[in-house]
Amino acid sequence: EPEVTQTPSHQVTQMGQEVILRCVPISNHLYFYWYRQILGQKVEFLVSFYNNEISEKSEIFDDQFSVERPDGSNFTLKIRSTKLEDSAMYFCASSRLAGAANTGELFFGEGSRLTVL
Amino acid sequence: QKEVEQDPGPLSVPEGAIVSLNCTYSNSAFQYFMWYRQYSRKGPELLMYTYSSGNKEDGRFTAQVDKSSKYISLFIRDSQPSDSATYLCAIQGAQKLVFGQGTRLTINP
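Reading the values: the criteria
- Residues numbered from 1 in each chain as written.
- Chains lettered and ligands numbered in written order.
- Predicted model: local features only at pLDDT ≥ 70, side-chain atom pairs only at ≥ 80, totals over all residues.
- Heavy atoms only, no water.
- Pairing = 2+ DSSP bridges.
- Helix = DSSP H or I, 4+ residues; strand = E, 2+ residues; numbered from the N terminus.
- Axes fitted to C-alpha atoms, helices over the stretch in contact; angles between N-to-C directions.
- Contact = heavy atoms within 4.5 Å.
- Buried area = accessible area lost by both parts, 1.4 Å probe.
- Salt bridge = Lys/Arg side-chain N within 4 Å of Asp/Glu carboxyl O.
- Buried < 20%, exposed > 50% of the residue type's maximum accessible area, 1.4 Å probe, protein only.
- Phe/Tyr/Trp six-rings, centres within 6.5 Å; stacked < 30°, edge-to-face > 60°.
- Lys NZ or Arg CZ within 6 Å of the ring centre and 35° of its normal.

### Re the sheet that holds strand 1 (residues 5-7) of chain A
Residues and elements named next belong to chain A.
Part 1: Here we have 4 strands laid out as an open sheet, ordered 1-3-8-7, and antiparallel in their pairing. The sheet is open, and its two edges are formed by strand 1 and strand 7 (65-68), each paired on a single side. Going across the sheet, the axis of each strand differs from the next one's by a mean of 15 degrees, ignoring polarity.
Part 2: Here strand 7 pairs with strand 8 (residues 75-79) via 4 bridges, running antiparallel. Counterpart to Ser66 in the pairing with strand 8 is Lys78.

Structure representation (structure tokens):
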């Protein structure tokens, strides 16, 4: 069964360092997403990406964050200068459809845990 | 007012019990309502979705939406230990899902 894969599973970094989280979405999916979940809190939307462009982003997704699809398979989230409050589980997701046509069936990866010291 | 509110629990019931999980939402424009299940150290997986008001049944699971009161429910019949997980309600926006806090459910053998 196709699945979304994420690397690394856990990354520990120092405050101020750059971090890149990587995702390989399901191959025939067209819409890609990053969500995050701070320990004990809700899963929160960060950004959606379609046709090599950001289609929507939340207020969390400020100038410190960027996304890229550098090739036909990877989808990355970069945090330029990490802060303590960036510590969270980051989930990549993909879907075949989006918006009103989507039944909400996003396929999530297992997450990348980021710890900022 | 939060977009989606869900009692985080935890909720612990004996095997075989009927479980009721609930969420409220604030924006009446939402049309798609989902329940995701999240096992420990895994990503959320879609359990069921419902469009507009009404019920939807899938095996032991029933999802219910009452748009007049902005209330969504998930019922689990004949609950099993393997149903132990965190259950997240979610509302489908244009390009994103808005999740509730999640209810941690434990089914005791």
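### Quick look at the interface of chain B and chain A
Part 1: Listed per partner, the contact involves 21 residues of chain B and 23 residues of chain A.
Part 2: Between chain B and chain A the total buried area reaches about 1900 Å² when both faces are included, carbon and sulfur atoms providing 52% of it.
Part 3: The three residues of chain B that bury the most area against chain A are B:Gln95, B:Phe99 and B:Gln101, which together make up 30% of that side's buried surface.
Part 4: Connecting chain B to chain A are 2 salt bridges.

### Overview of the pattern of salt bridges
All names here are of chain B.
Part 1: In the structure shown here, the tally under the stated rule is 6 salt bridges over all chains.
Part 2: Among the ionic pairs, Arg77 bridges to Glu57, the shortest N-O distance being 3.5 Å. Note that Arg77 is positioned in the loop between strand 8 (71-76) and strand 9 (85-92) and Glu57 in strand 6 (residues 54-58), a separation of 20 residues in sequence.
Part 3: Looking at Glu57, the relative accessible area reads 59%, which means it is exposed.

### Considering the packing of aromatic side chains
Where two aromatic rings form a pair, the distance of their centres and the angle of their planes describe that pair.
Part 1: Using the criterion set out here, one finds 17 aromatic pairs over all chains in the structure.
Part 2: Consider the rings of B:Tyr25 and B:Phe33, whose centres lie 5.0 Å apart with planes at 45 degrees: the pair is tilted. In this pair, the class of B:Tyr25 matches that of B:Phe33, namely buried.
Part 3: The rings of A:Tyr33, A:Tyr35, A:Phe45, A:Phe91, A:Phe108, B:Tyr36 and B:Phe99 are connected pair by pair, giving a single aromatic cluster.
Part 4: Just above the ring of B:Tyr49 sits the side chain of B:Lys56; from NZ or CZ to the centre is 3.7 Å.

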